[in-house]
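Letter by letter, the chains look like this.
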Amino acid sequence: MSDPRLTPANDRVAAAHLTDAPADLHRVMATPRRIIRPVVDLLRTPDGARDRQLLWGETVDLYEERDGMGFVQARKDGYVGYVDSAALGPEETATHWVSAPASHLYRDADIKSPEHHMLSFGSRVTVLGDDAPLAETADGFIPRVHLRPVGKTMNDPVRVAALFRGTPYLWGGNSRSGLDCSGLVQAALLACGVTCPGDSDLQQSALGQSVTQSGDYRRGDLLFWKGHVAMVVDADTLIHANGTHMSVVLEPVEAAIRRIEAQGEGPITAHKRL
């Protein structure tokens, strides 16, 4: 059975086994669409559980719509699934992305005006106006200080991950409102221009080189367990979203290793260096 998540950029068959999915995506013409809600769940089946989430302004390829649900593939990582059709709008070329942990989209060019939405880190917008403090978009105004031009990346994934410290844990979450372990790693790496899958097992397979020397922890290394991933902050500390603390936390490396194994989740399965 093919994997329903990450696929090569031109391989559209990966999710064909999903319930009611198009039988052969190679033969279905994709229509580019843009996410027009702050956060939308990407579902395994039309009425199923959340696998991951998509953010405002992200581009997807739409393959089929049926009964108010669209079958899509995310451009950022190839993940596929179903979203509410009402969350899809016309494709639009983004000019900027939200580089603050979160921001607001205001009705007017005035921070005292009502906000339309809260936008999470990584959301993408198209700026229309000049260099005013509140950047104009077709959907409202957003503080320019919270934006970076598309293509201008960050350079320290650990610093990016730290922006989410205290964010609640959410299975399949990809936003400032809630993250899981692989969502945190993906957000940090994508912001630094590193291509990254959405799930920890895929991240373990795709990212970095294996480190074989025990205890050789360096900033930015990734530690994997079965179903879990954490990022090394320094030789003694890691950062991760986890269900024990139910948030993104800093934790001593050795204490985390002992705790996770004691919980029955086993030892580290891989140590990768980017």
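A few points on the structure. (Residues numbered from 1 in each chain as written. Predicted model: local features only at pLDDT ≥ 70, side-chain atom pairs only at ≥ 80, totals over all residues. Heavy atoms only, no water.)

## Observations regarding the pattern of salt bridges
So, point 1. Under the definition given, this model contains 16 salt bridges.
So, point 2. Between Asp-180 and Arg-52 there is a salt bridge whose closest N-O contact spans 2.8 Å. Of this pair, Asp-180 sits in the loop between β16 (178-179) and α2 (181-191) while Arg-52 sits in strand β3 (residues 50-55), placing them 128 residues apart in sequence. Each member of the pair, Asp-180 as well as Arg-52, carries the same accessibility label: buried.
So, point 3. Note that Asp-131 is salt-bridged to Arg-144, the shortest N-O span being 3.9 Å. Note that Asp-131 is positioned in the loop between β11 (124-125) and β12 (134-137) and Arg-144 in the loop between β13 (140-143) and β14 (147-149), a separation of 13 residues in sequence. (Salt bridge = Lys/Arg side-chain N within 4 Å of Asp/Glu carboxyl O. Helix = DSSP H or I, 4+ residues; strand = E, 2+ residues; numbered from the N terminus. Buried < 20%, exposed > 50% of the residue type's maximum accessible area, 1.4 Å probe, protein only.)

## Observations concerning the environment of Leu-223
So, point 1. Mapping Leu-223 onto the fold places it in strand β18 (residues 222-225).
So, point 2. You can call Leu-223 buried: its relative accessible area is 0%.
So, point 3. A C-alpha to C-alpha distance of 14 Å links Leu-223 and Arg-259, two positions 36 residues apart in sequence.
So, point 4. Those residues within four positions of Leu-223 in sequence are excluded, and the remaining contacts are Tyr-217, His-228, Val-229, Ala-230, Val-232, Leu-238, Val-253, Ile-268, Ala-270 and His-271. (Contact = heavy atoms within 4.5 Å.)

## Considering the side chain of Arg-34
So, point 1. Locating Arg-34 in the fold gives a position in strand β1 (residues 31-35).
So, point 2. From its side chain, Arg-34 meets the backbone oxygen of Pro-90 in a polar contact 3.3 Å long.
So, point 3. In contact with Arg-34, other than residues within four places in its own chain, are Gly-57, Glu-58, Ala-87, Leu-88, Gly-89, Pro-90, Glu-91, Glu-92 and Asp-139. (Polar contact = N/O pair within 3.5 Å; in protein donor to acceptor, adjacent residues only side chain to side chain.)

## Let's talk about helix α4 (residues 253-265)
So, point 1. Taking 1.5 Å of rise per residue, the 13 residues of α4 would be expected to cover 18 Å, yet its terminal C-alpha atoms sit only 16 Å apart, more than 12% below that figure.
So, point 2. For α4, the full list of buried residues reads Val-253, Ala-256, Ile-257, Arg-259 and Ile-260.
So, point 3. Of the surrounding elements, those touching the buried residues of α4 are β18, β19 (228-234), β20 (237-242) and β21 (247-252).
So, point 4. Positive phi appears at Gly-266, one or two residues downstream of α4, with a value of about 85 degrees. (Expected span 1.5 Å × (residues − 1).)

## Describing the sheet that holds strand β8 (residues 96-98)
So, point 1. The 3 strands lie next to each other as β11-β8-β14, forming an open sheet whose pairing is antiparallel. For this open sheet the edge positions go to β11 and β14, each flanked by a neighbour on one side alone.
So, point 2. Pairing geometry for β8 and β14, over 3 bridges, is antiparallel. Residue pairing in the sheet places Val-98 in a bridge with Leu-147 of β14. (Pairing = 2+ DSSP bridges.)

## Section: α2
So, point 1. By the criterion of burial, α2 is predominantly enclosed, with 10 of the 11 residues buried.
So, point 2. Regarding α2, the residues found buried are Cys-181, Ser-182, Gly-183, Leu-184, Val-185, Gln-186, Ala-187, Ala-188, Leu-189 and Ala-191.
So, point 3. Gly-193 sits one or two positions beyond α2 and adopts a positive phi of about 80 degrees.

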